[in-house]
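The lines below spell out each chain.
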Amino acid sequence: MTTFKTLLLAAALVAPATLAASAADAQTTSVGVVDPQGAIAGSKAWSTARTQIEATYKTQLDQADARRRAIATELQPLVTAFQTAQRAPNPNAAALQTQAQAIQARENAANQELARLTQPAQRAQQYVIEQIQAKLGDAVTNVTKAKNIGMVVRPDAVLFAQPVADITPAITTELDRLVPTVSTAVPANWQPNQQGQAQGAAPAAAAPAATRTGRPAQGR
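Residues numbered from 1 in each chain as written. Predicted model: local features only at pLDDT ≥ 70, side-chain atom pairs only at ≥ 80, totals over all residues. Heavy atoms only, no water.

Novice: Tell me about the pattern of salt bridges, residues and numbers included.
Specialist: One pass over the full model with this rule turns up six salt bridges. A salt bridge links Asp-156 to Arg-154; the shortest N-O distance between them is 3.3 Å. Given the relative accessible area of 61%, Asp-156 is considered exposed. (Salt bridge = Lys/Arg side-chain N within 4 Å of Asp/Glu carboxyl O. Buried < 20%, exposed > 50% of the residue type's maximum accessible area, 1.4 Å probe, protein only.)

This is the structure in structure tokens:
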């Protein structure tokens with residue numbers, strides 16, 4: 001299953017080109033640090049949309065949660081039996097392989113089932129993220145110009161930086177101004193990355209998230 005982190009990391013991947021373009025226009029040598037993933041995740045538009053999506057698709061998400069727990073309960077005895085057989089003296093390699101394949105097949109089927117249940121919510125989340133992403137470049141440009149920043153880097157490229165160098169909160173604030181709200185009603189003919197293609201330089205998105213998350217790995 002994909003996560004909200006995966007979705008936002010896709011947005012972050014396009015950030016270097018966006019940030020470089022912004023920095024090239026400046027005539028200073030100051031450096032700013034930006035976490036595009038954090039900027040999007042902290043936006044009011046995403047927070048509001050997430051709540052709306054959870055309410056709209058509550059039935060499907062509750063079903064997915066229940067099935068996830070049931071599947072885990074179903075798989076646990078199989079995993080325990082496999083581990084026990086694996087630790088036995090002179091374990092039967094062929095039997096272990098059969099057990100492992102059975103477990104893997106059940107996990108694959110479970111993931112497909114959960115994906116079907118969460119697909120509508122995932123699609124809505126991706127639609128929301130793409131709408132916010134579309135303004136990320138403008139937000140970076142506006143903040144870097146306002147702060148006279150000549151270079152912007154991502155946190156994973158920095159060995160050390162003073163807290164004042166982190167302009168992620170400023171980017172989030174600018175996103176809140178540029179895109180205060182977004183729609184969670186996915187058009188019937190909408191396809192992922194459609195908005196990015198329409199706007200030229202807009203970031204691309206990855207597969208949508210299947211969880212009720214605000215930041216990575218924040219489930220119910």
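Novice: I'd like to hear about helix α7 (residues 136-146), residue by residue, with values.
Specialist: Because each turn of an α-helix spans 3.6 residues, side chains separated by three or four positions end up pointing in the same direction. For α7, the full list of buried residues reads Leu-136, Gly-137, Ala-139, Val-140, Val-143 and Thr-144. Across the axial projection of α7, the buried residues extend over an arc of 160°, all falling on one side. Among the exposed residues of α7, those oriented more than 90 degrees off its buried face are Lys-145 and Ala-146. (Helix = DSSP H or I, 4+ residues; strand = E, 2+ residues; numbered from the N terminus. Arc of directions from axis to C-beta.)

Novice: Let's hear about the nonpolar core: which residues, and what values?
Specialist: Ranked by internal contacts, the top residues of the largest apolar core, which has 25 residues, are Val-128, Ile-132, Ile-171, Leu-175 and Val-182. Among the secondary structure elements, those contributing two or more residues to this core are α3 (36-41), α4 (44-56), α6 (93-133), α7 and α8 (168-178). Here the element with the most residues in this core is α6; it accounts for five residues. Contacts of Val-182, omitting those with residues within four sequence positions, involve Ala-45, Ala-49, Val-128, Gln-131 and Ile-132. (Core = buried A, V, L, I, M, F, W, Y, C linked by side-chain atoms within 4.5 Å. Contact = heavy atoms within 4.5 Å.)

Novice: Which residues make up α6, and what are the values?
Specialist: In this model, α6 (41 residues) spans only 50 Å end to end at C-alpha, well below the 60 Å of a helix rising 1.5 Å per residue. Along α6, the helix axis deviates most sharply at Thr-118, where the bend reaches about 55°; the proline Pro-120 sits within four residues downstream. Where α6 begins, the side chain of Asn-92 points an oxygen toward the backbone nitrogen of Ala-94, at a separation of 3.0 Å. (Expected span 1.5 Å × (residues − 1). Bend = angle between axes of the 7 residues up to and from the residue. Polar contact = N/O pair within 3.5 Å; in protein donor to acceptor, adjacent residues only side chain to side chain.)

Novice: Tell me about the side chain of Thr-184, residues and numbers included.
Specialist: You can see Thr-184 is positioned in the loop between α8 and α9 (194-198). With a relative accessible area of 18%, Thr-184 lands in the buried category. With near-sequence residues (within four places) excluded, Thr-184 lies in contact with Ala-49, Gln-52, Ile-53, Ala-124 and Val-128.

Novice: Residues and numbers for the packing of helix α5 (residues 58-87) against α6, please.
Specialist: Where α5 meets α6, the axes come as close as 10 Å, and the angle between the chain directions of the two elements is 170°. Compared by their axis directions, α5 and α6 come out roughly antiparallel. Of the residues contributing to the contact of α5 with α6, the split by class is 16 nonpolar, five polar and six charged. (Axes fitted to C-alpha atoms, helices over the stretch in contact; angles between N-to-C directions. Parallel < 35°, antiparallel > 145°, perpendicular 65-115°, else oblique. Nonpolar A, V, L, I, M, F, W, Y, C, P; charged D, E, K, R; others polar.)

Novice: How would you summarise the packing of α7 against α8 if you had to cite specific residues and measurements?
Specialist: Packing of α7 against α8 leaves a shortest axis separation of 9 Å and a crossing angle of 120°. With respect to their mutual orientation, α7 and α8 come out oblique. When the axes of α7 and α8 are compared, the crossing they make is right-handed. Contact residues: α7 offers Leu-136, Asp-138, Ala-139, Val-140, Asn-142 and Val-143, while α8 offers Ala-170, Ile-171, Glu-174, Leu-175, Arg-177 and Leu-178. Partitioning the contact of α7 with α8 into residue classes produces eight nonpolar, one polar and three charged. (Left-handed = near helix turned anticlockwise from the far one by under 90°.)

Novice: Can you tell me about the confidence of the model for the protein, naming the residues and giving the values?
Specialist: Averaged over every residue, the pLDDT of the protein is 81; the share at 70 or more is 75%. The model gives residues 14-18 a pLDDT under 50, and that stretch makes five contacts with residues more than four places away or in other chains. (pLDDT = per-residue confidence, 0-100.)

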